[in-house]
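Structural characterization, general
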Amino acid sequence: MENILLRKEIQEEIEKIKEADILIGIPSYNNARTIGHVVKAVQVGLAKYFPDKKSILVNSDGRSTDGTTDVVKSTTIEDSQSILLHHRISPVFKIATPYHGIPGKGSAFRTIFEVADALNVKACAVVDSDLRSITPEWIELLIKPIIESGFDYVAPLYHRHKYDGTITNSIIYPLSRTLYGKQVRQPIGGDFGFSGKLAKFYLTKDVWETDVARYGIDIWMTTTAVANNFKVCQSFLGAKIHDPKDPGADLSAMLYQVVGATFDLMETYSEVWKAVKGSEKVPTFGFQYVVGLEPVSVNLDRMIDKFRLGIRELISLWEIFIPKEIIHFLHKIEVVRKAEFHIPDEIWVEIIYSFAVAAHGKVLNKEHLLKSLTPLYVGRVASFVIETWESSAIDVEKKSIDYV
Amino acid sequence: MNNFLQKVIIEPFDRFIERLIQFLPDILTSIIIFISGIILGLILKSVFLRFFRVIKVDKLSERSGVVEMIKKGGLKEPLSLIFSRLICWLTIISFSILSLRSLNVPVIERIFERFILYLPNIFVAAVILFLGYLLSNFLGRAALIASVNAGIKLSGLIGKSVKLTIFLLAVTMALEQLGIGRETIVIAFAIIFGGIVLAIALAFGLGGKDIAKEHIEKKIKGEEKKDDISHL
């Protein structure tokens, strides 16, 4: 991949700026509608909480065609009084540049890491370009633990609807907590803080031509920080509301990408997790509060039908690597009534471990293996919804943590 | 009488003995070549069996579905053993042919020549069949998983159809390579495949038009209640 620092315009900018204390990175692709709000929140956050620090905003763009980078360059804080700023606002340096390499968020992040390295930045944060709920306080919460408390990695902590984040709650969080011994609640949140030291460390890893560059960057950043003994914490950011993604986004592709990246990292860090016993809490910053959230509609019948179809058609595939007792259970649950539909935690854990072992042993083509997990995952979600239908969000959150 | 015996029995017998004596070295050479072939075949079987186990052919074949195929064919031995036996038999057969050739009989030489010229076709056809089987397995499974994830009730049929179509295509290509009913096979395949596609189109267009209308309306009007869950 071409080093972005060789590009003339970026070199000139970096020579002008020389050094910076804080860098906020925003990856983007055709986000002209939403990125203005994010840039404003970042600028206000930096002005309010770090007025004496030299800061830079880096927009790493995937060659947008809707004028995203123009919006970034032209967005300013028009009225400092309305946001209760009474001191002079120093300008935030801005670099808006297309990234190079394999199209994907990871390549965008690499550009941000490289600028951070070139400017010898002390603290960095990355936020999504389609956030509706970002506030200036997010900048304080992602950067302050690094600058004032010496942490290297700040994971986000959101308040979510009890049925949101089911891949995180049922697979990624329990797996990464068990493997690496740190209770990072949202390992693939998408908005992170990290030290300049950690950014340099990320750049030493040769992952930029792999799936990490395409879609595995979030879990890779968290796992790399935890597994390499960097100081990790999390900050409560409130609700995460962003532009609705394409409603046709394929669930099986999401599972393949996220779970695939997690399994690949298990291979990389096998010597680390083999020695881990138990898990510990990570320090949590920010004042936690309950946020009113939009209701989430769920079509249970459709989910259970999909699960049953999966059992009918894919059971012969699963028999290759899933234990007999689990297969026997799946045959039994295929015919139960909706009210009795329940996949216990122990069964679900066995299923995930079977898939992990099968991925390690290369029993099947990896894409076939992980996409075949989809009906089982949908069944698990249906079971979870039925089990927690009457429960509050707090009870559900407690259950999600206890089940690990 | 003596003349008669001399001409009818003794002289032909003498000629026969003479020819046999002339032929004996060739027979001896032929037997030696044949026995050498058997010994070499057994040695190669042992060597290749070890080699295939070192490069883990059995494990690779389990992933690709070849083991499934040979089990269905009634063979229960591991692929490494099957391959090494194949090499053994190929060696023995090759040496058998050489031993026949060493007899210097013109008819045998002509048959041998035609057989040698045909061998590359057999090899290519075997490779086409093997690759076709692997591809049919792979794509059939991909189609099955994709259609299950899309919630299509006939996903099993879709998966099997994809697998069968690709395998039939491979068989057609292999038969064409072997020169067996060249044009007939290709035309028959085109007719069958085209017929199936036409039948499906007619069935969907005429017989299933009400269902298709209902399905398309649901999709366009978004009447099917979807989930709002944000999975990540």
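Analysis parameters
- Residues numbered from 1 in each chain as written.
- Chains lettered and ligands numbered in written order.
- Predicted model: local features only at pLDDT ≥ 70, side-chain atom pairs only at ≥ 80, totals over all residues.
- Pairing = 2+ DSSP bridges.
- Helix = DSSP H or I, 4+ residues; strand = E, 2+ residues; numbered from the N terminus.
- Contact = placed C-beta atoms within 7 Å.
- Axes fitted to C-alpha atoms, helices over the stretch in contact; angles between N-to-C directions.
- Nonpolar A, V, L, I, M, F, W, Y, C, P; charged D, E, K, R; others polar.
- Buried ≥ 20, exposed ≤ 12 C-beta atoms within 10 Å, placed from the backbone.
- Core = buried A, V, L, I, M, F, W, Y, C linked by C-beta atoms within 7 Å.
- Domains from an automatic or database assignment.
- pLDDT = per-residue confidence, 0-100.
- Expected span 1.5 Å × (residues − 1).
- Parallel < 35°, antiparallel > 145°, perpendicular 65-115°, else oblique.
- Left-handed = near helix turned anticlockwise from the far one by under 90°.

1. Topic: the sheet that holds strand 4 (residues 123-126) of chain A
All names here are of chain A. The strand order across the open sheet formed by eight strands is 3-2-1-4-7-5-8-10, and the pairing between neighbours is mixed. Each edge of the open sheet carries a strand with a single partner, namely strand 3 (93-98) and strand 10 (284-285). Pairing of strand 1 (residues 22-28) with strand 2 (residues 55-61) involves seven bridges; the strand directions are parallel. In the strand pairing of strand 2, Ser-28 is matched with Asp-61. Here helix 7 (residues 196-203) sits on the sheet in contact with strand 4, strand 5 (153-158) and strand 7 (192-195), set at roughly 90° to strand 7.

2. Things to note about the interface of chain B and chain A
Contacts between chain B and chain A engage 20 residues on the former and 29 residues on the latter. Broken down by secondary-structure element, the contributors of at least two residues to the side of chain B that touches chain A are helix 5 (106-149) and helix 6 (155-178) of chain B. The element that contributes the greatest number of residues to the side of chain B that touches chain A is helix 5 of chain B, accounting for seven residues. Residues belonging to the side of chain B that touches chain A are distributed by class as follows: seven nonpolar, six polar and seven charged.

3. Description of the pairing of strand 7 of chain A
Looking down a regular strand, the side chains alternate between one sheet face and the other. All names here are of chain A. What you see with strand 7 is no split at all: Phe-192 and Phe-194 on one side and Gly-193 and Ser-195 on the other are buried throughout. Pairing of strand 4 with strand 7, which is carried by four bridges, proceeds in the antiparallel orientation. Residue pairing for strand 7: Val-126 is matched across the bridge by Phe-192. Bridge count for strand 5 against strand 7 is two bridges, and the pairing is antiparallel. Among the inter-strand pairings, Val-154 is bridged to a residue of strand 7, identified as Gly-193.

4. Overview of the nonpolar core
Residues and elements named next belong to chain A. The biggest cluster of nonpolar side chains holds 114 residues, and the ones touching the most others in it are Leu-23 and Val-127. Taken domain by domain, the makeup of this core includes at least three residues from each of domain 1 (4-285) and domain 2 (300-402). Non-local contacts of Val-127, meaning those with residues more than four positions away in its chain, are made with Ile-24, Ile-26, Val-38, Val-42, Ile-134, Trp-138 and Asp-191.

5. Overview of the confidence of the model for chain B
All names here are of chain B. Residue-level pLDDT values for chain B average 83, and 89% of them are 70 or greater. Confidence scores differ between elements of chain B, with helix 3 (residues 66-72) showing the lowest mean pLDDT of 65 and helix 6 the highest of 92. Interface scoring of the predicted complex returns ipTM 0.86; its pTM is 0.81.

6. Concerning unusual backbone geometry
Note: most residues except glycine have negative phi, and most peptide bonds are trans. At Asn-229 of chain A, a position not held by glycine, the phi torsion is positive, near 60°. With 9 C-beta atoms counted inside 10 Å, the residue Asn-229 of chain A sits in the exposed group. We note that Lys-56 of chain B has phi near 60°; this positive angle belongs to a residue other than glycine. Along the polypeptide, Lys-56 of chain B turns up in the loop between helix 1 (2-54) and helix 2 (57-64).

7. Let's talk about helix 7 (residues 182-207) of chain B
Relative to the 38 Å expected for 26 residues at 1.5 Å per residue, helix 7 of chain B spans 37 Å between its end C-alpha atoms, a close match to the ideal helical length. Counting buried positions over the 26 residues of helix 7 of chain B gives zero, only a small fraction of the element.

8. Details of the packing of helix 5 of chain B against helix 6 of chain B
Residues and elements named next belong to chain B. The interhelical angle for the contact between helix 5 and helix 6, taken along N-to-C directions, is 165°, at an axis separation of 8 Å. Our classification of the angle between helix 5 and helix 6 gives roughly antiparallel. Here helix 5 and helix 6 pass one another in a crossing that is right-handed. Partitioning the contact of helix 5 with helix 6 into residue classes produces 20 nonpolar, ten polar and three charged.

9. Things to note about the packing of helix 6 of chain B against helix 7 of chain B
Residues and elements named next belong to chain B. Where helix 6 contacts helix 7, the two axes come as close as 9 Å, and the packing angle between them is 165°. Our classification of the angle between helix 6 and helix 7 gives roughly antiparallel. The way helix 6 lies across helix 7 gives a crossing that is left-handed. For the pair formed by helix 6 and helix 7, the contact residues are Leu-168, Thr-172, Leu-175 and Glu-176 on the first element and Arg-182, Ile-185, Val-186 and Phe-189 on the second.

10. Concerning the domain arrangement of chain A
Residues and elements named next belong to chain A. By domain assignment, chain A separates into domain 1 (4-285) and domain 2 (300-402). Of note, the centres of domain 1 and domain 2, computed from C-alpha atoms alone, are 32 Å apart. Contacts between domain 1 and domain 2 engage 16 residues on the former and 20 residues on the latter. Where the side of domain 1 that touches domain 2 is concerned, the elements lending two or more residues are helix 6 (166-180) and helix 9 (251-268). Sort the elements by how many residues they give to the side of domain 1 that touches domain 2 and helix 9 lands first, with nine residues. Each residue belonging to the side of domain 1 that touches domain 2 can be placed in one class, and the counts come to nine nonpolar, five polar and two charged.

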